[in-house]
Amino acid sequence: MDGVDGPSRAVRPGDANREARPGGPDRAACGGTVWLTGLPSSGKTTLAQSLASRLCREGRRVEVLDGDEIRTFLSAGLGFTRADRDTNVQRIGLVAEVLARNGILVLVPVIAPYADSRDAVRKRHEASGTAYLEVHVATPVQVCAVRDVKGLYAGQRAGRITGLTGVDDPYETPAAPDARIETHRYSVAECTAELHAVLVERGLV
Ligand SMILES: Nc1ncnc2c1ncn2[C@@H]1O[C@H](COP(=O)(O)OS(=O)(=O)O)[C@@H](OP(=O)(O)O)[C@H]1O
Ligand SMILES: Nc1ncnc2c1ncn2[C@@H]1O[C@H](COP(=O)(O)OP(=O)(O)O)[C@@H](O)[C@H]1O
């Protein structure tokens, strides 16, 4: 309906968030998504939890969208085909963007093995002017296979599972991530500090 002040205009996602900030953008007061992509056992969840704890202590509103939890509810029934992984990633991307544009810092420790799928999530954020950082948790597959937190690598070797990301299923390494974290070289505390510094540098903290 047209208002008394003139014709209405389309309200785009993120408008309310921007208008709620008098004096222009205030990155420290607005949200953003930090997507941690990497192989199973690369350290995504550990780093997301560690960074979330630190950000919470600093008074930020933080959400971690954990891959396993999402697959139990929001993506229940999806498997690990390319189509299912894409659907899973796009659903998570939508939730992350909605939370982020409403002032939450959203940490997403999800494999997201395909570049075009990750790019679509970035574009969704760009469309609403919402900050988005892609972090590659760049742990070599040999190290991940030794860590093998959930026994997936052993399961693949034993023939119990197939289609394991980075072993017999693709992982498209991010070509130009906002950060690359080498968890095989540095401790959890050091990697968390490095990630935190990236957020500071990008004006998210
Ligand atoms: N075949 C296969 N390949 C990769 N990962 C597998 C597979 N089967 C089960 N899992 C476990 O599923 C966890 C969640 O996966 P994601 O939702 O992050 O994957 S995806 O982005 O949709 O590809 C993922 O969690 P993380 O280990 O925390 O990465 C795996 O432990
Ligand atoms: N620098 C590091 N950063 C993150 N995890 C690390 C690091 N060094 C060792 N680890 C260990 O690697 C494992 C990573 O597991 P997890 O975080 O569940 O991986 P993912 O979520 O990628 O599957 C944990 O046991 C963690 O303690």
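Residues numbered from 1 in each chain as written. Chains lettered and ligands numbered in written order. Predicted model: local features only at pLDDT ≥ 70, side-chain atom pairs only at ≥ 80, totals over all residues. Heavy atoms only, no water.

The protein has the name Adenylyl-sulfate kinase in an unreviewed UniProt entry, where Streptomyces buecherae is given as its organism. Under the UniProt heading Pathway (unreviewed entry), the note attached to the protein is "Sulfur metabolism; hydrogen sulfide biosynthesis; sulfite from sulfate: step 2/3." A UniProt comment under Function (unreviewed entry) is attached to the protein, and it reads "Catalyzes the synthesis of activated sulfate." (UniProt positions renumbered as here; feature names shortened; annotations may be inferred.)

Caption draft 1: Region of the structure containing helix α2 (residues 44–57). Across its 14 residues, α2 extends 20 Å between first and last C-alpha, which sits within 8% of the 20 Å expected from 1.5 Å per residue. Residues Lys 44, Leu 47, Ala 48, Leu 51, Ala 52 and Leu 55 constitute the buried set of α2. One side of α2 holds all its buried residues, which, seen down the axis, span an arc of 130°. On its buried face, α2 is in contact with β1 (32–37), β2 (62–64), β3 (105–109), β4 (131–137), β5 (179–181) and α8 (188–201). Immediately downstream of α2, the backbone of Gly 59 shows phi near 90°, a positive value. (Helix = DSSP H or I, 4+ residues; strand = E, 2+ residues; numbered from the N terminus. Expected span 1.5 Å × (residues − 1). Buried < 20%, exposed > 50% of the residue type's maximum accessible area, 1.4 Å probe, protein only. Arc of directions from axis to C-beta. Contact = heavy atoms within 4.5 Å.)

Caption draft 2: Representation of the site of ligand 1. Neighbouring ligand 1 are 19 residues; Lys 44, Arg 71, Arg 85, Asn 88 and Gly 163 lie closest to it. Asn 88 is positioned with one of its side-chain polar atoms (N or O) 2.8 Å from an oxygen atom of ligand 1. Between Ile 111 and ligand 1, the recorded distance is 3.0 Å, taken from a backbone N or O atom to an oxygen atom. Across the complex, the protein chains shield 90% of the 620 Å² of accessible surface that ligand 1 would expose by itself. Put simply, the parts of the chain that give the shell around ligand 1 at least two residues each are α2, α3 (67–72) and α4 (82–101). Per element, the largest residue contribution to the shell around ligand 1 is three residues, and it comes from α4. The class makeup of the residues in the shell around ligand 1 is nine nonpolar, five polar and five charged. (Near = heavy atom within 4 Å. Polar contact = N/O pair within 3.5 Å; in protein donor to acceptor, adjacent residues only side chain to side chain. Areas by Shrake-Rupley, 256 points an atom, 1.4 Å probe, with all protein chains shown as cover. Nonpolar A, V, L, I, M, F, W, Y, C, P; charged D, E, K, R; others polar.)

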